[in-house]
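# Tertiary structure, described
So the chains spell out like this:
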Amino acid sequence: MEQIKTKEQALQWLKEVKQNKQRNIERLTKIAVEEYEKRTGLKATHIETL
């Protein structure tokens, strides 16, 4: 991992980490909904997160 030297770099890194996390959550949610619909034949109307 590269060295973080300034507060700005640290904030930029944190912002990127949060964006990556959000993208992963959205991607996994989409997969879960598709799998649910395939398995049950019903549309997912409510998505619960842990």
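Above this text is the structure in question.
Description of the structure in this document. What you see is a predicted model, and the numbers here were worked out from it, not measured in a lab.

With that settled, consider the overall build of the protein chain. Looking only at helices and strands, the protein chain has one helix and zero strands in total. On C-alpha atoms alone, the protein chain measures out to a radius of gyration of 17 Å, which is more than a quarter above the 10 Å that the 2.2 N^0.38 rule sets for 50 residues. If one aligns the C-alpha atoms of the protein chain with their principal axes, the spans along those axes are about 50 × 20 × 15 Å. Put simply, the protein chain has 50 residues, and 2% of those count as buried. Only carbon and sulfur atoms are counted for the fraction: they give 54% of the accessible area of the protein chain, which is about 5,200 Å². The distance from the centre of the 11 positive side-chain charges to the centre of the 8 negative ones in the protein chain is 2 Å.

Right, let's talk about helix α1 (residues 7–40) for a bit. Under the 1.5 Å per step criterion, the end-to-end length of α1 is 49 Å for 34 residues, consistent within 8% with the ideal 50 Å. At the C-terminal side of α1, glycine 41 shows a positive phi close to 80 degrees.

On the surface, Ile4, Trp13, Leu14 and Val17 cluster together into a nonpolar patch covering about 320 Å² of accessible area. Position of valine 17 among the secondary structure elements: in helix α1.

Here we take up the environment of tyrosine 36. Looking at where tyrosine 36 falls in the secondary structure, it is placed in helix α1. Along the primary structure tyrosine 36 and alanine 10 are separated by 26 residues, whereas in three dimensions their C-alpha atoms are 39 Å apart. Sequence-distant contacts of tyrosine 36, that is, excluding residues within four places in its chain, are made with Gly41, Leu42, Lys43 and Ala44.

Calculation rules
Residues numbered from 1 in each chain as written. Predicted model: local features only at pLDDT ≥ 70, side-chain atom pairs only at ≥ 80, totals over all residues. Heavy atoms only, no water. Helix = DSSP H or I, 4+ residues; strand = E, 2+ residues; numbered from the N terminus. Rg over C-alpha atoms; globule rule 2.2 N^0.38 Å. Buried < 20%, exposed > 50% of the residue type's maximum accessible area, 1.4 Å probe, protein only. Areas by Shrake-Rupley, 256 points an atom, 1.4 Å probe, with all protein chains shown as cover. Lys, Arg positive; Asp, Glu negative; His and termini not counted. Charge placed at Lys NZ, Arg CZ, Asp CG, Glu CD. Expected span 1.5 Å × (residues − 1). Patch = residues over 30% accessible without salt bridge, like charges linked within 9 Å, V, L, I, M, F, W, Y side chains within 5 Å. Salt bridge = Lys/Arg side-chain N within 4 Å of Asp/Glu carboxyl O. Contact = heavy atoms within 4.5 Å.

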